[in-house]
Amino acid sequence: MTDAATLPGQPRGGALSGPATARAVNVLAPNPSAMTLDGTNTWIVSEPDSDLAVVIDPGPLDDGHLRAVIDTAERAGKRIALTLLTHGHPDHAEGASRLAELTRTNVRALDPALRLGDEGLAPGDVITTGGLEMRVVATPGHTGDSLSFHLPADRAVLTGDTILGRGTTVVAHPDGRLGDYLDSLRRLRSLTVDDGIHVVLPGHGPVLDDAQGAVEFYLAHRASRLAQVETAVENGCTTASEVVAKVYAEVDRSLWPAAELSVRAQLEYLREHGLIGPG
Ligand SMILES: [Zn+2]
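Residues numbered from 1 in each chain as written. Predicted model: local features only at pLDDT ≥ 70, side-chain atom pairs only at ≥ 80, totals over all residues. Heavy atoms only, no water.

A closer look at the pairing of strand β8 (residues 134-138)
At step 1: Along β8, 4 of the 5 residues are buried, which leaves the element largely enclosed by surrounding structure.
At step 2: Bridge count between strand β7 (residues 126-127) and β8: 2 bridges; the pairing is antiparallel. For Val126, the partnering residue across the bridge sits in β8 and is Arg135.
At step 3: Between the antiparallel neighbours β7 and β8 lie 6 residues, among them Gly130 with a positive phi of about 60°.
At step 4: Looking at chain direction, β8 and strand β9 (residues 147-151) are connected through 4 bridges and run antiparallel. Residue pairing in the sheet places Arg135 in a bridge with His150 of β9. (Buried < 20%, exposed > 50% of the residue type's maximum accessible area, 1.4 Å probe, protein only. Helix = DSSP H or I, 4+ residues; strand = E, 2+ residues; numbered from the N terminus. Pairing = 2+ DSSP bridges.)

Some thoughts on helix α4 (residues 178-194)
At step 1: End to end, α4 covers 24 Å across 17 residues, agreeing with the expected 24 Å (1.5 Å per residue, within 8%).
At step 2: Inspection of α4 places Leu178, Tyr181, Leu182, Ser184, Leu185, Leu188, Leu191 and Thr192 among the buried residues, and these make up the whole buried set. Angular distribution of buried residues about the axis of α4 spans 170°; they occupy a single face of the element.
At step 3: Here the buried face of α4 lies against β8, β9, β10 (156-160), α5 (211-234) and α7 (256-272).
At step 4: Just past α4, the residue Gly196 takes up positive phi, approximately 65°. (Expected span 1.5 Å × (residues − 1). Arc of directions from axis to C-beta. Contact = heavy atoms within 4.5 Å.)

Regarding the nonpolar core
At step 1: Residues Ile163, Leu178, Leu185, Tyr218, Val243, Tyr248 and Val263 are the most contacted members of the largest nonpolar core, which totals 40 residues.
At step 2: Contributions of two or more residues to this core are made by α4, α5, α6 (240-247) and α7.
At step 3: Tallying contributions element by element places α5 first for this core, with 9 residues.
At step 4: Discounting chain neighbours no more than four positions away, the residues touching Val243 are Val229, Ala232, Val233, Cys237, Tyr248 and Val263.
At step 5: Listed in part, the 21 residues of the second largest apolar core include Trp43, Ile56, Leu84 and Leu151. (Core = buried A, V, L, I, M, F, W, Y, C linked by side-chain atoms within 4.5 Å.)

Shown next, in the form of structure tokens:
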């Protein structure tokens, strides 16, 4: 979800289709909304001298979009050899089985229900299609099955909905859990500090050139929201919807249902850490 805060670093304009790094090209899906920003970013990742490409997040089930993804790869002289999913939300995953059918390839995801073919996908795996080196990183929190993909040669990380190009994301309780999400942000921060990652290639919104700044912003934002939720409970709010009306008052009302999921995750976190009563 979005809010008024601006991310640090220089977002490269809007979310546009086209090359973002030496190895990653975006094809923007035609599904813009308050929740999906400009639409879902479908990423095509490939070694520059290879004729094999990997698609990350085919996006919604939209034949025009899926054919645009295939055409973009073919125009670059590449064949789609594999599809990966950052997580199972339909705006990322719904088109996967159709793309697999069109390209006669497999789909790998953390959630077995989303896979096509024999191969799973787990943190620590390394994708080596066509000479790529892309490392799978556990980033649960937005959902339980959220993964990110670290592309060391481009000093980039593909974050799905864990970090967006604008605004902040939803912790989609009960599947998404705030403690997991904070751990995931710290894991991404260590990629920026220890592994020199500069670029965030998000699932929605523009590319971010200051990955560490973005992660720090997300951590600070979550801490400040959590303090606001704690204060709201101390001041007498007893339900998640009451907390939303108080803490998310400045956020567009169309986003309140999503905000309520994040609030439920925050209330659970505060209770688990003994910061508020059992409720
Ligand atoms: Zn999502």
